[in-house]
Amino acid sequence: MDFKPDATQEEITRLAATVLRRDPERPWQALADSGLLSLALPAELDGDGLGLAEVALVLTEVGRAAASTPALAALALGVLPIGKLGSTRQRADLLPAIASGAAVVTAALHEPSAPMTTHPSTAAVPSDGAWSISGTKTAVPYAETATAMLIPVTMAGGTAVFAVHPRASGVTLTPTRNASESPECTVVLTDVRVTEDDLLADGALGALHRFALAGAVALGDGLLAGALELTTSHVGTREQFGKPLARFQAVAQQIADVYIASRTVHLAALSAIWRLSEGLDADTDLEVAAYWLAEEAPKALAACQHLHGGLGVDVTYPLHRYYSGIKDLSRFVGGASHRLDRIGELV
């Protein structure tokens, strides 16, 4: 195990970058072997007892490397909400397997035409001393390989979140396509039986959404920074008419726009994650960060694509991983218009 429990945030960032660079063929297991997936586990589960701020550092480096991993699902949608709101049994059953790299826990945040809905159409109704869940969830990451899905529902008295096994009776998984070709499913639940043992603590839906947005902006921060580094290197070394592309004024202006977008997303993400990790009201900061990610990051990646020319669409060149990752993240947070509406509701 590479991680030292007294490591600073700078050291965690450096370790995550090193691990991802030295083992690009198996990044998820490499992160597990280094101890970086155990950061937010409690000490009684052989974790380090850290939290969102440290997990966000790992997600940012995963984005910077454009590594194909279930990090967003397993960490932001699994480890963080279960660690905060899961029961002792739920934490013991689910978290150690994630930390070892052997399992993934995910969450079903979206419904048809309702991204990250705060009023789920999926309902849980009382049934013989338990509950029966019915509804449809869309774009559920890593649902087919997950050991549990966190399912937001509406029930008598408000909303709740249940942990449901993807192979439970009444669950139907239909694989769907996305830009990065990472695993994703539409999930239909038909009279799926759950009990109080499957229920997360009160306030789980709000917390789940906050962790999801924080994880998304951390990952997006890394993706945008990685794409900027890649593009800066390209225009600094690729020559046209006998001089580097970066020497042309139009190219310099475009790469400057990408830099501004990257710094804006970085600062917005940093502010939101810090406030949430410190227990402060972070809703407005999270919404602003998610809006900037959905609005500005796709434009910035389009500029990077343009500056690379035909090389940018070569599947043996890494830029397409950044581009598709940003597209999927923008959809994950609901798109710029949805996030702008959410800011308006808060105001």
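The notes below deal with the structure included here. Quantities reported herein were computed from a predicted structural model and do not represent experimental measurements. (Residues numbered from 1 in each chain as written. Predicted model: local features only at pLDDT ≥ 70, side-chain atom pairs only at ≥ 80, totals over all residues. Heavy atoms only, no water.)

What follows covers the overall build of the protein chain. Helix and strand counts for the protein chain stand at 10 helices and nine strands. Relative to a compact globule of 347 residues, whose C-alpha radius of gyration would be 20 Å, the protein chain shows 20 Å and is just as compact. Residues counted as buried form 52% of the 347 residues belonging to the protein chain. Excluding contacts between residues fewer than 6 apart, the proportion of contacts in the protein chain whose partners are at least 24 apart in sequence is 69%. Taken as a whole, the protein chain presents about 15,400 Å² of accessible surface, with 53% of it coming from carbon and sulfur. (Helix = DSSP H or I, 4+ residues; strand = E, 2+ residues; numbered from the N terminus. Rg over C-alpha atoms; globule rule 2.2 N^0.38 Å. Buried < 20%, exposed > 50% of the residue type's maximum accessible area, 1.4 Å probe, protein only. Contact = heavy atoms within 4.5 Å. Areas by Shrake-Rupley, 256 points an atom, 1.4 Å probe, with all protein chains shown as cover.)

Bringing the layout of surface pockets into the picture now. The gaps of empty space that remain are located by a probe, the size of a water molecule, rolled over the atoms. In this model, the largest pocket occupies a volume close to 690 Å³. Surrounding the largest pocket, 32 residues form its lining, Thr69, Ser180, Ser182, Gly325 and Asp328 being those nearest its centre. The biggest single contributor to the lining of the largest pocket is helix H9 (residues 319–332), with eight residues. Residues of the lining of the largest pocket, tallied by class, amount to 17 nonpolar, 10 polar and five charged. Reported here for the second largest pocket is a volume of approximately 420 Å³. Around the second largest pocket sit 21 residues that line it, and Leu57, Thr60, Asp221, His266 and Leu270 are the ones nearest its centre. For the lining of the second largest pocket, the secondary-structure elements that each account for two or more residues are helix H1 (9–22), helix H3 (52–64), helix H6 (204–237) and helix H7 (249–277). Among the elements that take part in the lining of the second largest pocket, H7 stands out by supplying nine residues, more than any other. Residues that form the lining of the second largest pocket fall into these classes: 11 nonpolar, six polar and four charged. (1 Å grid on protein atoms, 1.4 Å probe; cavity = no way out; pocket = protein on both sides within 12 Å on 5 of 7 lines; lining within 4 Å. Points joined across faces, edges and corners; volume = space filled by probe spheres on them. Nonpolar A, V, L, I, M, F, W, Y, C, P; charged D, E, K, R; others polar.)

A word on the side chain of Glu111. Structurally, the position occupied by Glu111 is in the loop between strand S1 (105–107) and strand S2 (123–127). For Glu111, a relative accessible area of 4% gives the class buried. A polar side-chain atom of Glu111 sits 2.7 Å from the main-chain amide nitrogen of Ser121. One polar contact links Glu111 to Lys137, side chain to side chain, over a distance of 2.8 Å. (Polar contact = N/O pair within 3.5 Å; in protein donor to acceptor, adjacent residues only side chain to side chain.)

Residues Leu31, Leu75, Leu150 and Phe332 are the most contacted members of the largest nonpolar core, which totals 101 residues. The element contributing the most residues to this core is H6, with 18 residues. If near-sequence neighbours (up to four positions away) are discounted, Leu150 is found in contact with Leu77, Pro81, Ile82, Val105, Thr106, Ala107, Ala108, Val161, Phe162, Ala163, Leu200 and Leu208. (Core = buried A, V, L, I, M, F, W, Y, C linked by side-chain atoms within 4.5 Å.)

Take the pattern of salt bridges next. Scanning the model with the defined rule gives 16 salt bridges in all. A salt bridge links Glu229 to Arg64; its shortest N-O distance comes to 3.0 Å. Note that Glu229 is positioned in helix H6 and Arg64 in helix H3, a separation of 165 residues in sequence. Given the relative accessible area of 28%, Arg64 is considered partly exposed. As a salt-bridge pair, Arg275 and Asp285 come within 3.7 Å of each other at their nearest N and O atoms. Note that Arg275 is positioned in helix H7 and Asp285 in helix H8 (residues 283–308), a separation of 10 residues in sequence. (Salt bridge = Lys/Arg side-chain N within 4 Å of Asp/Glu carboxyl O.)

Further remarks concern the packing of H3 against H7. Viewed as axis vectors pointing N to C, H3 and H7 meet at an angle of 150 degrees, and their least axial separation amounts to 9 Å. Between H3 and H7, the angle is such that the two are roughly antiparallel. The residues of H7 that touch H3, namely those facing Leu52, Ala53 and Ala56, are Ile273, Leu276 and Ser277. When its residues are assigned to classes, the contact of H3 with H7 shows five nonpolar, one polar and no charged. (Axes fitted to C-alpha atoms, helices over the stretch in contact; angles between N-to-C directions. Parallel < 35°, antiparallel > 145°, perpendicular 65-115°, else oblique.)

Structurally, the position occupied by Asn178 is in the loop between strand S6 (171–175) and strand S7 (184–194). Judged by its relative accessible area of 12%, Asn178 is buried. Among the polar contacts made by the side chain of Asn178, one reaches the main-chain amide nitrogen of Glu181 at a distance of 2.6 Å. Separated by 3.0 Å, the side chain of Asn178 and the backbone oxygen of Ser182 make a polar contact.

Next up on the list: unusual backbone geometry. Glycine aside, a negative phi is what most residues show, and trans is what most peptide bonds show. For Ala66, which is not a glycine, the phi torsion comes out positive at approximately 50 degrees. Judged by relative accessible area, which is 8%, Ala66 ranks as buried. With phi around 50 degrees, Asp191 is a residue other than glycine that occupies positive phi space. Residue position: Asp191 is located in strand S7. Accessibility expressed as a relative area gives 54% for Asp191, which makes it exposed.

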